[in-house]
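So you can see what is in the structure, the chains are spelled out below.
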Amino acid sequence: MDFELSDEQKMIVETARKIAKVFGPEYWREKEERAEFPREFVDETAKVGFLGLGIPEEYGGTGLGLTESALAWHELCANGGGVAPGLIPLMCTVFGALSLLKHGNDDQKKAYLPRIASGELFVALGLTEPNAGTNTLNTSTFAKKDGDEFVINGSKIFNSGIEDAGAIVLVTRTEKKEAAAKKTMGMTLFLVDLPNEAIKHTSIPKHGVNFIHTYELGIEDLRVPRSVMLGEEGKGWYHILDTLNPERIMTAVAAVGGGRAAIRKAVEYANQRQVFDSVIGAYQGIQFPLATAWAKLECSWLTTLKACVLYDQNASQKLVGDFSNICKYSAVEACIEAGYHSMQTLGGYGFAKEYHIERWWRDMQLLRLAPITQQMTLNYIAEHILGMPKSY
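Here we summarise the structure given alongside this text. Starting afresh in each chain, residues are numbered from 1 along the sequence in its written order. Residues qualify for local features only when their pLDDT is at least 70, as the model is predicted, and side-chain atom pairs are given and counted only at 80 or more; totals for whole chains, interfaces and linings, by contrast, use all residues. Hydrogens and waters are ignored; side-chain quantities use all the structure's heavy atoms.

1. Topic: the overall build of the chain
So, step 1. From N to C terminus, the chain includes eleven helices and ten strands.
So, step 2. Whereas a compact globule of 392 residues would reach a radius of gyration of roughly 21 Å, the chain reaches 21 Å, a difference of no more than 12%.
So, step 3. Each principal axis of the C-alpha atoms in the chain carries an extent, and together these give about 80 × 50 × 45 Å.
So, step 4. Across the 392 residues in the chain, those meeting the buried criterion constitute 54%.
So, step 5. Any pair of residues with heavy atoms lying within 4.5 Å of one another is described as a contacting pair. A separation threshold of at least 6 residues defines the contact pool for the chain, and within that pool the share at least 24 residues apart is 73%.
So, step 6. Note on areas: Shrake-Rupley with a 1.4 Å probe; residue coverage comes only from the protein chains shown. Accessible area for the chain stands at about 17,400 Å²; split by element, carbon and sulfur atoms hold 53% of it.
So, step 7. Charge assignment: positive for Lys and Arg, negative for Asp and Glu; neither His nor the chain ends contribute. A charge is said to be at NZ when it belongs to Lys, at CZ for Arg, at CG for Asp and at CD for Glu. Where the 40 positive side-chain charges of the chain centre and where its 48 negative ones centre are 4 Å apart. Comment: elements are numbered from the N terminus, with helices defined as DSSP H or I runs of at least four residues and strands as E runs of at least two. Our radius of gyration looks at C-alpha atoms and nothing else; its globule reference is 2.2 Å times the residue count to the power 0.38. Exposure is judged per residue with a 1.4 Å probe applied to protein chains only, and the accessible area is read against the type maximum: over 50% gives exposed, under 20% gives buried, and values in between give partly exposed.

2. Here's the deal with unusual backbone geometry
So, step 1. Of note, the amide linkage connecting L194 to P195 takes the cis form, showing an omega dihedral of -5°.
So, step 2. With respect to the element layout, P195 can be found in the loop between β5 (187-193) and β6 (199-203).
So, step 3. The residue after A370, namely P371, is reached through a cis peptide bond having omega 0°.
So, step 4. Considering the arrangement of structural elements, one finds P371 in the loop between α10 (357-369) and α11 (374-385).
So, step 5. Its identity is not glycine, yet F276 carries a phi of approximately 55°, on the positive side.
So, step 6. Residue placement: F276 occurs in the loop between β9 (274-275) and β10 (278-279).

3. Let's talk about the packing of aromatic side chains
So, step 1. Put simply, two rings from Phe, Tyr or Trp (the six-membered ring, in Trp's case) pair if the centres are within 6.5 Å, and we call them stacked under 30 degrees between planes, edge-to-face over 60, tilted for the rest. Under the definition given, this model contains eleven aromatic pairs.
So, step 2. Ring plane angle 90° and centroid distance 5.4 Å describe the contact between Y27 and W28, whose orientation is recorded as edge-to-face. In this structure, Y27 and W28 share a single accessibility class: buried.
So, step 3. With 6.3 Å between their ring centres and 90° between their planes, Y269 and Y355 make a pair best called edge-to-face. Of this pair, Y269 sits in helix α7 (residues 236-270) while Y355 sits in the loop between α9 (317-346) and α10, and the two are 86 residues apart along the sequence.

4. Digging into helix α2 (residues 25-34)
So, step 1. Those residues of α2 that fall on the buried side of the exposure criterion are Y27, W28, R29, K31 and E32.
So, step 2. Considering only its buried residues, α2 is in contact with α3 (39-47), α4 (66-81) and α10.
So, step 3. One or two steps after α2, the chain reaches A35, where phi turns positive at roughly 50°.

5. Observations regarding the state of the cysteines
So, step 1. The rule for a disulfide is simple: a pair of cysteine sulfur atoms within 2.5 Å. Enumeration over the complete set of coordinates arrives at zero disulfides.
So, step 2. Free of any disulfide, C92 has its nearest neighbouring cysteine sulfur in C77, separated by 12 Å.

6. Re the nonpolar core
So, step 1. Core analysis: the largest hydrophobic core is formed by 97 residues, its most contacted members being F41, F50, W73, I88 and I116.
So, step 2. Top element by residues in this core is α7. It accounts for 16 residues.
So, step 3. With sequence-adjacent residues up to four places away left out, I116 is seen in contact with L51, I55, C92, G96, A97, L100, L121 and V123.
So, step 4. Definition of nonpolar core: a set of buried residues of the types Ala, Val, Leu, Ile, Met, Phe, Trp, Tyr and Cys, connected through side-chain atoms within 4.5 Å. Core analysis: the second largest hydrophobic core is formed by 20 residues, A143, L170, Y215 and L222 among them.

7. Some words on the environment of G257
So, step 1. In this fold, G257 is placed in helix α7.
So, step 2. In the structure, G257 is positioned 219 residues away from P38 in sequence and 18 Å away in space, judged by C-alpha atoms.

8. Overview of the side chain of N325
So, step 1. Within the secondary structure layout, N325 lies in helix α9.
So, step 2. Residue classification places N325 among the buried residues on the basis of a relative accessible area of 1%.
So, step 3. Polar contacts involving the side chain of N325 include one to the main-chain carbonyl oxygen of G321, which spans 2.8 Å.
So, step 4. Once you skip the residues sitting within four places of it in the chain, N325 turns out to touch R248, I372, T377, Y380 and I381. Pairs of N or O atoms within 3.5 Å make up the polar contacts considered here, provided that, within protein, one atom can donate a hydrogen while the other can accept it, and that residues adjacent in sequence are counted only when both atoms are side-chain atoms.

9. Quick notes on the pairing of β5
So, step 1. With six of its seven residues buried, β5 lies for the most part within the structure.
So, step 2. Inspection of the sheet shows strand β4 (residues 167-173) paired to β5 by seven bridges, in the antiparallel sense. Considered in β5, the bridge of V169 is made with L191.
So, step 3. Alignment of β5 against strand β8 (residues 229-230), held across two bridges, turns out to be antiparallel. Opposite F190, over in β8, you have M229 as the bridge partner. At least two DSSP bridges between two strands are required for those strands to pair.

10. A look at the pattern of salt bridges
So, step 1. Should a side-chain nitrogen of Lys or Arg be within 4 Å of a carboxyl oxygen of Asp or Glu, the pair is scored as a salt bridge. Applying the stated rule across the entire model yields 19 salt bridges.
So, step 2. Between E26 and R29 there is a salt bridge, with its nearest N and O atoms 2.6 Å apart. One end of the pair, E26, and the other, R29, are both in helix α2, three residues apart, so they sit about a helical turn from each other.
So, step 3. Note that E36 is salt-bridged to K31, the shortest N-O span being 2.4 Å.
So, step 4. When salt bridges that share partners are traced, they join K31, E36 and E40 into one network.

Shown next, in the form of structure tokens:
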């Protein structure tokens with residue numbers, strides 16, 4: 001195994017660090033307080049090619065892979081943004097580019113990929129439903145055939161970035177679960193342009209990450225042509241896994257980077273804060289928790305990079321799924337531990353907005369719940385890796 005980065009990868013890392021200095025903690029605090037989309041940051045990352053890292057050159061990208069995306073966005077998170085910057089590639093690299101590259105037709109790729117690479121187009125994901133939650137197979141949003149078209153009705157919840165997205169991947173059923181040959185069959189994906197009068201959205205006020213708004217969607221008589229279908233009819237469950245696995249990987253990237261940012265802030269403070277004639281960073285009660293969290297972040301980062309490499313090498317969906325769940329679980333646990341002990345290190349200042357940790361801590365909590373809960377990753381590991389009985 002070679003852990004040395006290539007010259008191109010080193011350049012990506014260095015470029016990301018330079019951007020992070022410009023778009024540091026103050027920038028992200030301002031965006032959070034104003035509930036304002038970070039357009040300047042998006043434009044800059046698009047300009048240097050970060051939004052097109054996984055997109056082939058023929059479609060305006062750089063022709064690299066998920067590994068390079070991970071390296072870039074990890075640095076943007078770790079060097080000042082916390083978790084926040086790492087949520088941006090979900091709406092371009094993952095929901096948009098990777099979904100299209102795996103299952104889009106030539107016309108769809110030509111129409112959408114160059115706009116994703118340039119930062120012009122963001123793509124949302126319409127997956128979760130109020131009455132289905134994590135059980136995607138219980139999706140009730142239904143696309144009924146009507147000649148060469150489909151008419152879609154249903155609802156989705158916890159859809160982020162709708163107001164900034166120019167398209168949405170809608171997960172539907174084109175065959176009722178009880179009528180399908182297998183419960184995993186009969187699901188179909190559609191790539192629908194936004195805004196659309198048939199898709200209404202209602203804002204969901206939330207605890208953090210307010211620079212991206214989150215919505216509940218109502219879909220009423222949305223009529224679409226067959227040409228907007230993404231992949232094959234009835235095989236949407238298998239297609240969406242190719243989106244959900246890298247979503248978990250990039251969530252792990254944000255978690256590791258966010259955890260590193262918190263620890264670096266805590267170390268900086270601990271090495272300056274004096275109590276009883278010495279800096280608190282000299283006390284093992286401060287050192288050990290931060291060192292433990294840092295070690296766990298390092299281990300999680302290695303697992304995350306392995307998941308990226310497996311994805312880039314087109315390993316089996318099962319193997320990619322295994323490590324996607326492992327890295328998501330371990331990275332988020334390490335991130336939460338890093339955030340907790342960083343806040344404890346700063347004491348009362350950790351609760352003050354000026355020092356950023358309280359905001360990073362709020363953002364970290366999202367990763368415990370989305371895109372999949374920690375408990376569901378453990379269910380996956382127990383059942384699909386360890387071979388234990390299904391528990392839910």
